[in-house]
Amino acid sequence: NAVGQMGRVVMILDSWSHPQTLTRAWCVFEVFACECTCSEFHVAMTEAASARFVDDMKREGSVASMHRVLHALQCETAEAHVQQDRDNIFN
């Protein structure tokens, strides 16, 4: 697949604690494809989002913060503009 051929994925986050990127089915699929192909995975954030990330890590602790955010993710509710794309990704 394309992700495996490129060898890396960069996910752009506007907010680390409420990752809107992961509400989109294609983005969820690309993260999955990255894992399946052992590709590199990177995250890019604005300076403000990065500062909030660091503040949350300091305040809550890194494990607790990550756990809270990951627990709240509901990938199965991710949407796509084309319903057939969503059906192909999740079925």
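Here the structure is a predicted model, which is why all the values come from computation and not from measurement.

Caption draft 1: Structural detail: the environment of His18. Among the structural elements, His18 can be located in the loop between β1 (8-13) and α2 (25-36). Note on His18: relative accessible area 61%, which makes it exposed. Residues His18 and Val31, spaced 13 residues apart in sequence, show a C-alpha to C-alpha distance of 16 Å. Separated by 3.2 Å, the side chains of His18 and Ser17 make a polar contact.

Caption draft 2: Up close: the packing of aromatic side chains. On inspection of all chains with the given rule, the structure shows 2 aromatic pairs. Arranged with centres 5.2 Å apart and planes meeting at 85°, the rings of Trp16 and Phe53 form a pair that is edge-to-face. Of this pair, Trp16 sits in the loop between β1 and α2 while Phe53 sits in helix α3 (residues 47-60); the two residues are 37 residues apart in sequence, bridging distant segments of the chain. Residues Trp26 and Phe29 carry aromatic rings whose centres are separated by 5.7 Å and whose planes lie at 90° to one another, so their mutual orientation is edge-to-face. A residue pair is termed a helical-turn pair when its members lie 3 or 4 positions apart in one helix, as Trp26 and Phe29 do in helix α2 at 3 residues.

Caption draft 3: Seen up close, the pattern of salt bridges. If you walk through the whole model with that rule in mind, you get 2 salt bridges. In this structure, the salt-bridge partner of Arg8 is Glu40, at a minimum N-O distance of 3.7 Å. Here Arg8 is found in strand β1, whereas its partner Glu40 is found in strand β2 (residues 40-45), with 32 residues between them in sequence. Given a relative accessible area of 39%, Glu40 falls into the partly exposed group. Between Arg59 and Asp56 there is a salt bridge; the shortest N-O distance is 2.3 Å. Note that Arg59 and Asp56 are positioned in helix α3 at a spacing of 3 residues, about one turn of the helix. Overall, Arg59 belongs to the exposed group, its relative accessible area being 59%. What makes Asp56 buried here is its relative accessible area of 11%.

Rules behind the numbers
The written sequence of each chain sets the order in which its residues are numbered from 1. In view of the model being predicted, local features appear only for residues whose pLDDT reaches at least 70, and side-chain atom pairs are presented and counted only at 80 or more, with totals across whole chains, interfaces and linings using the full set of residues. The basis for every side-chain value is the complete set of non-hydrogen atoms in the structure, without hydrogens or water. What counts as a helix is a DSSP run of H or I of at least four residues, what counts as a strand is a run of E of at least two, and both are numbered from the N terminus. Residue exposure (1.4 Å probe, protein chains only): buried if accessible area is under 20% of the type maximum, exposed if over 50%, otherwise partly exposed. Pairs of N or O atoms are called polar contacts if they sit within 3.5 Å, as long as, within protein, a hydrogen donor faces a hydrogen acceptor (for residues adjacent in sequence, only side-chain-to-side-chain pairs). Whether two aromatic rings pair depends on their centres lying within 6.5 Å, for rings of Phe, Tyr and Trp, where Trp uses its six-membered ring; planes under 30 degrees apart make the pair stacked, over 60 edge-to-face, and the rest tilted. By convention in these notes, a salt bridge is any Lys or Arg side-chain nitrogen within 4 Å of a carboxyl oxygen on Asp or Glu.

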